[in-house]
Amino acid sequence: MAEDKPWALISEVGEQGFIEEVTDIIKQHFNIICLRDFLQNPQQHGPKIQAILMWNTFPAAEPSLLSSLPSLKVVANGGVGIDHLDVPYITSLGVKVANTPGVVSVATADMAMGLLLASARKIVEGHQIAVDPKTTSIPQSLVGVEVTGSTLGIIGMGHIGYKIAQRSKGFDMKILYHNRHRRSVEDEQSVGASYCENMDDLLREADFVVLVVNLSPETKGLISHRELSLMKPTATLVNVSRGLVVDQDALVKALQSGEIRAAALDVTHPEPLPRDHPLLSLPNVLITPHVGTYTYATIKRTVQCMVDNAVAAVNGLPVPNEVKLK
Ligand SMILES: O=C(O)[C@H](O)CO
């Protein structure tokens, strides 16, 4: 009987929320209520909610929402990044926080390669020229830069960074990486990656610099004027981590002055950017709206992982991907 299941508060179904196809995965274990319906009458619905299942757009960390959920046991986030959550505050309420590492890695790595290739080979511009009825010849502006045999610099060699390295091996790229901790010799050898203890060395040498770090106080503004000035004028910056890892004003200047060739960004700050933001009109910028994990297979795996985390927490069992305070 539906009423026997615990209740979960979820972001919307459809735009800004869960795709229709995956709500069944949640409904197997939870009765669900969407935020919009919940907010119609928080006093009535609040006491029964034991889990929040959310993407990073959901305002779950807001004290006003949490204070209306006295039975809440878990905030189960879809995705790895939990920079939008006030983990110390949520856990101080006795509520667990969980994320979904691992399951998003392949799709995000694919996206990084897609952005890299699209920027290098001007695929979006090429499409616009191809569909323009006024086109009579191929403009020289479509001449791109070669990916095969170029040098890739990966900043952040966790799950996703490593998957990017595996993919770039197929393009015969020379792979450099910078990470808090050096990977094992076996890991390095199997993708042919060389460790740069000093990030500056990577920035100076790479044709493509891909950012895959978590957002933290240490990585906020990691790429600013100084770092961009070290990059080659022919280099491309790809960001699939978080917008705040890059100083966007510095990036705009570097792109306008030709200090770097181009940027391909799946993440910005804020998201979406204000419509008059210079990044939206620069010809050497490619932007996607934070869709690195947007494939049906990855969304399904992510939702299953969120549900596993939430079910464990509600039943007082160890939560597989609990985010613990350091
Ligand atoms: O953090 C992640 O996994 C992605 O950016 C989706 O939010």
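Being a predicted model, the structure only gives us computed values, none of them experimental.

Asker: Can you break down the sheet that holds strand β12 (residues 285-287) residue by residue, with the values?
Answerer: Spatially, seven strands are ordered β8-β7-β6-β9-β10-β11-β12 in an open sheet, and the strand pairing comes out parallel. Where the open sheet ends on each side, the last strands, each with one partner, are β8 (193-195) and β12. Taking the axes of each pair of neighbouring strands and ignoring which way they run, one obtains an average angle of 20 degrees across the sheet.

Asker: Break down the sheet that holds strand β1 (residues 7-10) for me, citing the residues and quoting the values.
Answerer: The strand order β2-β1-β3-β4-β5 describes an open sheet built from five strands, whose pairing is parallel. A single partner strand is all that each edge strand has here, and the edge strands are β2 (31-34) and β5 (96-98). The sheet shows a mean angle of 20 degrees between the axes of neighbouring strands, taken without regard to direction. Bridge analysis of β1 against β2 gives four bridges, and the strand direction is parallel. Among the inter-strand pairings, Ala8 is bridged to a residue of β2, identified as Ile32. Each of β3 (49-54), β4 (74-77) and β5 touches helix α13 (residues 296-314); the most contacted strand, β3, lies at about 160 degrees to it.

Asker: Kindly report on the packing of aromatic side chains, identifying the contributing residues and their values.
Answerer: Within the structure shown, the criterion is met by one aromatic pair. Geometrically, the ring pair formed by Tyr177 and Tyr195 is tilted, given 5.1 Å between the ring centres and 45 degrees between the ring planes. Within this pair, whereas Tyr177 is found in strand β7 (residues 174-178), its partner Tyr195 is found in strand β8, the two being separated by 18 residues in sequence. Of the residues examined, Tyr177 reaches a relative accessible area of 0% and is grouped as buried. Lying across the ring of Tyr162, Arg183 places its NZ or CZ 4.5 Å from the centre.

Asker: Lay out the environment of Pro63 with the relevant residues and their values.
Answerer: Mapped onto the fold, Pro63 is located in helix α4 (residues 63-66). C-alpha separation for the pair Pro63 and Asp86, spaced 23 residues apart in sequence, amounts to 9.6 Å.

Asker: So what's going on with the site of the ligand? Which residues, and what values?
Answerer: Surveying the vicinity of the ligand reveals the residues Asn56, Gly79, Val80, Gly81, Val104, Arg242 and His290. In this structure, an oxygen atom belonging to the ligand sits 2.7 Å away from a main-chain N or O atom of Val80. Here an oxygen atom of the ligand and a side-chain polar atom of His290 are 2.7 Å apart. With the chains in place, 86% of the 230 Å² that the ligand exposes on its own is no longer accessible.

Criteria and thresholds
- Residues numbered from 1 in each chain as written.
- Predicted model: local features only at pLDDT ≥ 70, side-chain atom pairs only at ≥ 80, totals over all residues.
- Heavy atoms only, no water.
- Pairing = 2+ DSSP bridges.
- Helix = DSSP H or I, 4+ residues; strand = E, 2+ residues; numbered from the N terminus.
- Axes fitted to C-alpha atoms, helices over the stretch in contact; angles between N-to-C directions.
- Contact = heavy atoms within 4.5 Å.
- Phe/Tyr/Trp six-rings, centres within 6.5 Å; stacked < 30°, edge-to-face > 60°.
- Buried < 20%, exposed > 50% of the residue type's maximum accessible area, 1.4 Å probe, protein only.
- Lys NZ or Arg CZ within 6 Å of the ring centre and 35° of its normal.
- Near = heavy atom within 4 Å.
- Polar contact = N/O pair within 3.5 Å; in protein donor to acceptor, adjacent residues only side chain to side chain.
- Areas by Shrake-Rupley, 256 points an atom, 1.4 Å probe, with all protein chains shown as cover.

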